[in-house]
Amino acid sequence: MAGAAPRVRYMAGFRCPLGGLAASKPRVLCHEAEVFLSTGRELVYVYDQEGGLLTAAFRFPDQVRHLELLAPRRLLYALCARRGLYCLSPDRPGRSRSTSQDDGDSEDSDQPCPVIPVDPDACVLPDAALCAFTVLDSVLVTLVQGPARWKMQLFERPSPGEDARPGGQIGEVELSTYTPPAGVPGKPAAPHFLPVLCCVSPSGSRVPHDLGGSGGFSLEDALFGLLFGADATLLQSPVVLCGLPDGQLCCVILKALVTSSSAPGDPNGLVKILHHLEEPVIFIGALKTEPPAAEAAENLLPDEDVHSDCLVALGHQGRMLAIKASWDESGKLVPELREYHLPGPVLCAACGGGGLVYYSTPSDLFVVDLSRGSTPLSAEQPDEGPGGLPPMLCPASLNICSAVSLSVSPRMQEGGTELLALSAKGRLLTCTLDLESEMPGSARMTAESAGRKIKELLSGIGNISERVSFLKKAVDQRNKALTSLNEAMNVSCALLSSGAGPRPISCTTSTTWSRLQTQDVLMATCVLENRSDFSLDQGWTLCIQVLTSSRALDLDSACSAITYTIPVDRLGPGTRREVTLPLGPGEDGGLDLPVTVSCTLFYSLREVVGGALAPSDSEDPFLDECPSDVLPEQEGVCLPLSRYTVDMLQCLRFPGLAPPHTRAPSPLGPPSDPVATFLESCREPGGQPAGPTSLRAEYLPPSVASIKVSAELLRAALEDGHSGVPLCCATLQWLLAENAAVDVVRARALSSVQGVAPDGADVHLIVREVAMTDICPAGPIQAVEIQMESSSLADMCRAHHAIIGRMQTMVTEQAAQGSSAPDLRVQYLRQIHANHEVLPRTTCHFPSMVLKWRVPQRHQ
């Protein structure tokens, strides 16, 4: 079946609304060489297949919902929305008004054929609630939407030559209840799915059936009697089948309905529910599944009707009901009902010859074979008796998509079928299907071919499942990447918009001394705290850069930097992460101060976006490799958090301030020189040490520097946190505020302290109040002198640099608050500065070392 190759030919095109034609409203009828077509709008077209052109277009006052052609009388019936039922003769356009050339309707103006407005007198049954109808030669059956129930009405049709308007109502019955759709109170809204009506006649009946598809058909006597009972068979009465939007399939015997109007009885006894599909019924049809016997086929006249032996109903979601007469195990004829589940949603369907049912979905047009699926169940019955329905159906694709209306053309070719289809784009197509060689009626699938087919299907299912798994994995990765990018954007906006206020994500740094093995090490602790509403997940990294200045006081020295990267994994709101890293001393035992610790958040775009766009598994056969130009050009985004400087004042240790019972061992100095160790071991007992440090301490006075600061300026800067404390003590506490010993200094109210530098040299800090008499013409100025003494010139300079940095920050803050400087002798200060500039560089020679130093400039 899958090998059937349809030949599709385009016949005509019609205008359609944006988004295509809606299902269940368009209609295609074929009679001889003429095609009657409605797109669900106001126009009904007549197309001549032999001439290949449109011959007429009838314009109705509203949308046309349903069409039927009464072929013997050449009458076209149309159900017009909110109007009622219209009847006209395509051969006598005189019943309509004059031809319209262009009355402003956009649908009319582009038609190459005459557009004939339908006269209001053509409305033979005005009823706004009319939802469906079907026409027989002598009766008209309608279905009306009531407030809560469907109502079937039966009207008498006039004889030929009389007025087309139906006679009086000859029967009425109410069907099952339904839930009306939302609409204006008291005025029912149009249902989304329209009911389906068709007329079924027994094989011996003289009632001609409609050639337009679902209008009517005849069933074999065996199936007709089993479905509708002995009364319908004895009366030779047509039966109206009704498929409702709620899924009910019910029937009404017409002659019983006419009789009940003259002899009232229980109206509910006239309605019989055959089945419930539990989804809207969109098609009811019948077909011949049993091949005719050879003698019967030879005696069959060309114009003689073929009576169907199988009734078919199809639901919108693909549930299909097939009913056929079959033998049971006891050799008795019983109705066989089978439900099949086909791929949906189903837009339209049609029954063809050879037991074939064609149905359309939005993606494809399929055909299924309902021909004889099994031999008779009773061995006593002859082989030509009715067989069973196939246990399962395998739809075959015809590679035609979005057909909204189907009709089987009566111009059947040998071994083939011609379908008329209207696509959702408004195109009328003919599809010639040559199925003789691909699916002969008597062919049966062998066990070997069935096994092979099942293996192919299972293999295809496995491949599709694997592909779905890979694609789902790729979609999940990209969704995760988009979520991460959204979080990164929110975090970036929160940090960049915080300004000078508290930052939602911060990183604070503190230092402390710790002993590792036999050496004291200065450790930095960085605390990353998330006070925002966002999470830091995949792609975020905390970068900590430690910038040291080798020989910081040497202007020609180079700087070195070490960067630590710490992945941030699931740092949610209100959580914190602590990182500890060493700052020094290095392998040479020295600690290059000052040290700058910079903390930055880095978001890796290539890790997040590149991992989602590029295939994560090289063996994935379904994901194409991402082009290189799609990946982000930048590596990522940097968001600075903090910058912290570690100087000499923070690194000083004060062993003498600790209580005796808790006093720690003296800080270890740098690793000893092997030569000095040898000389120390060789010296005589009681002799003086021979090392460079001892020589410097014995023969050179300590290096001294002092800084004098206005006492008034210090009082203004320190009054908030040091009220009631002497100014000298408050100044020393302010200088050592970031040192671990500040609590002891504050408790003892010290104004001078002696500490140990990282290299083991002593550093003495002395704070005292002095009076400066030469710099202000108004008289002496009270000042605070901060004096630094150290046996190491380098350590003294580092302490001087640290104090100057704090003074500069304090002066800047006080200037911003409006503090003014006293009236100073500026020329005298300039002369002092010039004298410092001309001081020569001094080189001091020692037996084992050379010291080269520059006198630091004094900042006032």
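Residues numbered from 1 in each chain as written. Predicted model: local features only at pLDDT ≥ 70, side-chain atom pairs only at ≥ 80, totals over all residues. Heavy atoms only, no water.

As recorded in an unreviewed UniProt entry, the protein chain goes by Fanconi anemia core complex-associated protein 100 isoform X2 and comes from Sapajus apella.

### Observations concerning the overall build of the protein chain
For the protein chain, the helix and strand inventory stands at 14 helices and 43 strands. Every one of the 860 residues in the protein chain was classed for burial, and the buried ones make up 45%. Expressed as a percentage of contacts within the protein chain between residues at least 6 apart in sequence, the contacts between residues at least 24 apart total 61%. When the accessible surface of the protein chain is summed, it comes to about 44,300 Å², and 53% of that surface belongs to carbon and sulfur atoms. (Helix = DSSP H or I, 4+ residues; strand = E, 2+ residues; numbered from the N terminus. Buried < 20%, exposed > 50% of the residue type's maximum accessible area, 1.4 Å probe, protein only. Contact = heavy atoms within 4.5 Å. Areas by Shrake-Rupley, 256 points an atom, 1.4 Å probe, with all protein chains shown as cover.)

### Things to note about the nonpolar core
Core analysis: the largest hydrophobic core is formed by 72 residues, its most contacted members being Leu528, Trp540, Leu583, Leu601, Leu641 and Leu765. With eight residues, the top contributor of residues to this core is helix H13 (residues 793-816). When residues of this core are sorted by domain, at least three fall in each of domain 2 (505-611 + 634-646) and domain 3 (699-837). Setting aside chain neighbours within four positions, we find Trp540 in contact with Ala488, Val491, Pro567, Val568, Leu601, Phe602, Tyr603 and Leu639. By size, the runner-up hydrophobic cluster in this structure holds 25 residues, among which are Leu219, Leu241, Ile284 and Ala313. (Core = buried A, V, L, I, M, F, W, Y, C linked by side-chain atoms within 4.5 Å. Domains from an automatic or database assignment.)

### Section: a nonpolar patch on the surface
A cluster of nonpolar side chains, namely Ile454, Leu458 and Ile461, defines an oily patch on the protein surface of about 310 Å² accessible area. Mapped onto the secondary structure, Leu458 falls in helix H5 (residues 447-496). (Patch = residues over 30% accessible without salt bridge, like charges linked within 9 Å, V, L, I, M, F, W, Y side chains within 5 Å. Salt bridge = Lys/Arg side-chain N within 4 Å of Asp/Glu carboxyl O.)

### Concerning the sheet that holds strand S2 (residues 27-31)
Within the open sheet, the five strands sit side by side as S2-S3-S4-S5-S9. Their pairing is mixed. Only two strands of the sheet have a single neighbouring strand rather than two, namely S2 and strand S9 (115-117). Across the sheet, the mean angle separating the axes of adjacent strands is 20 degrees when strand polarity is ignored. Pairing analysis gives five bridges linking S2 to strand S3 (residues 34-38), with the strands arranged antiparallel. When the bridges of S3 are listed, Val28 appears paired with Leu37. (Pairing = 2+ DSSP bridges. Axes fitted to C-alpha atoms, helices over the stretch in contact; angles between N-to-C directions.)

### As for the sheet that holds strand S25 (residues 356-360)
Read from one edge of the open sheet, four strands run S24-S25-S26-S27, paired in antiparallel fashion. Among the strands making up the open sheet, the edge pair consists of strand S24 (348-351) and strand S27 (396-397). Relative to S25, S24 runs antiparallel, the two sharing four bridges. Note on S25: the bridge partner recorded for Cys348 is Ser360.

### Some points on unusual backbone geometry
For the peptide bond that leads from Gly344 to Pro345, omega is -5 degrees, which places it in the cis range. Relative to the assigned elements, Pro345 resides in the loop between strand S23 (333-341) and S24. For the bond running from Leu593 to Pro594, omega is 0 degrees, close enough to zero to count as cis. Inspection of the secondary structure puts Pro594 in the loop between strand S35 (576-584) and strand S36 (595-604). A positive phi angle is found at Asn399, which is not glycine, with a value near 60 degrees. You can see Asn399 is positioned in the loop between S27 and strand S28 (403-408).

### Quick word on the environment of Lys480
By the element assignment, Lys480 lies in helix H5. Residue classification places Lys480 among the exposed residues on the basis of a relative accessible area of 55%. Between the C-alpha atoms of Lys480 and Gln538, which are 58 residues apart in sequence, the distance is 9.4 Å.

### Here's the deal with helix H10 (residues 711-718)
Buried within H10 are the following residues: Ala711, Leu714 and Leu718. The arc enclosing the buried residues of H10, seen along the axis, measures out at 60 degrees, which places them on a common side. Contact partners of the buried residues in H10: strand S38 (703-710), helix H11 (727-735), strand S41 (781-790) and H13. (Arc of directions from axis to C-beta.)

### A short note on the packing of aromatic side chains
On inspection of all chains with the given rule, the structure shows six aromatic pairs. Look at Phe60 and Tyr86: their rings are 5.6 Å apart centre to centre, the planes differ by 85 degrees, and that puts the pair in the edge-to-face class. Here Tyr86 lies in strand S8 (residues 84-88) and Phe60 lies in the loop between strand S5 (53-59) and strand S6 (64-70), a separation of 26 residues in the sequence. Take Phe60: its relative accessible area is 3%, and that puts it in the buried class. Geometrically, the ring pair formed by Tyr77 and Phe133 is tilted, given 6.4 Å between the ring centres and 50 degrees between the ring planes. A residue pair is termed long-range when its members are at least 10 positions apart, and Tyr77 in strand S7 (residues 75-80) and Phe133 in strand S11 (residues 130-135) qualify at 56 residues. (Phe/Tyr/Trp six-rings, centres within 6.5 Å; stacked < 30°, edge-to-face > 60°.)

### Some details on the pattern of salt bridges
Under the defined criterion, the tally for this structure stands at 18 salt bridges. A salt bridge links Glu290 to Lys324; its shortest N-O distance comes to 2.6 Å. Of this pair, Glu290 sits in the loop between strand S20 (281-287) and helix H4 (294-299) while Lys324 sits in strand S22 (residues 319-327), placing them 34 residues apart in sequence. On the accessibility criterion, Glu290 (10% relative accessible area) is buried. Linking Glu785 and Lys708 is a salt bridge whose minimum nitrogen-to-oxygen distance equals 3.5 Å. Within this pair, whereas Glu785 is found in strand S41, its partner Lys708 is found in strand S38, the two being separated by 77 residues in sequence. Among the residues examined, Lys708 registers a relative accessible area of 27% and is labelled partly exposed.

### What to know about the side chain of Lys324
The class for Lys324 is buried, based on a relative accessible area of 1%. A distance of 3.0 Å separates a polar atom in the side chain of Lys324 from a polar atom in the side chain of Thr289. For Lys324, the side chain forms a polar contact with the side chain of Glu290, separated by 2.6 Å. (Polar contact = N/O pair within 3.5 Å; in protein donor to acceptor, adjacent residues only side chain to side chain.)

### Remarks on the packing of H10 against H11
Put simply, H10 and H11 touch, their axes get as near as 11 Å, and they point 65 degrees apart. Seen from above, H10 lies across H11 with left-handed handedness. Contacts between H10 and H11 involve Ala711, Leu714, Arg715 and Leu718 on the former and, on the latter, Leu727, Ala730, Thr731 and Trp734. Of the residues assigned to the contact of H10 with H11, the class counts are six nonpolar, one polar and one charged. (Left-handed = near helix turned anticlockwise from the far one by under 90°. Nonpolar A, V, L, I, M, F, W, Y, C, P; charged D, E, K, R; others polar.)

### Focus: helix H2 (residues 221-235)
In an α-helix there are 3.6 residues to a turn, and that puts residues three or four apart on one side. Compared with an ideal rise of 1.5 Å per residue, which puts 15 residues at 21 Å, H2 spans 12 Å between its outermost C-alpha atoms and falls more than 12% short. Bending of H2 peaks at approximately 125 degrees at the position of Gly229. For H2, the complete set of buried residues consists of Leu223, Phe224, Leu227, Phe228 and Ala232. Gln236 sits one or two positions beyond H2 and adopts a positive phi of about 50 degrees. (Expected span 1.5 Å × (residues − 1). Bend = angle between axes of the 7 residues up to and from the residue.)

### So, the environment of Arg83
Within the element layout of this structure, Arg83 appears in the loop between S7 and S8. For Arg83, a relative accessible area of 41% translates into the label partly exposed. Placed 47 residues apart in sequence, Arg83 and Leu130 show a C-alpha to C-alpha distance of 8.3 Å. Arg83 has contacts with Pro61, Asp62, Cys123, Pro126, Asp127 and Ala128, leaving out every residue within four places of it along the chain.

### Digging into the confidence of the model for the protein chain
Note that predicted coordinates carrying low pLDDT should not be read in detail. Per-residue pLDDT for the protein chain averages 78, and the proportion of residues at 70 or more is 73%. Within the protein chain, the element-level pLDDT minimum falls on strand S43 (residues 850-853), averaging 32, and the maximum on strand S21 (residues 310-315), averaging 95. Ignoring residues within four places in sequence, the model shows residues 621-625, a span with pLDDT below 50, making 11 contacts including any to other chains. (pLDDT = per-residue confidence, 0-100.)

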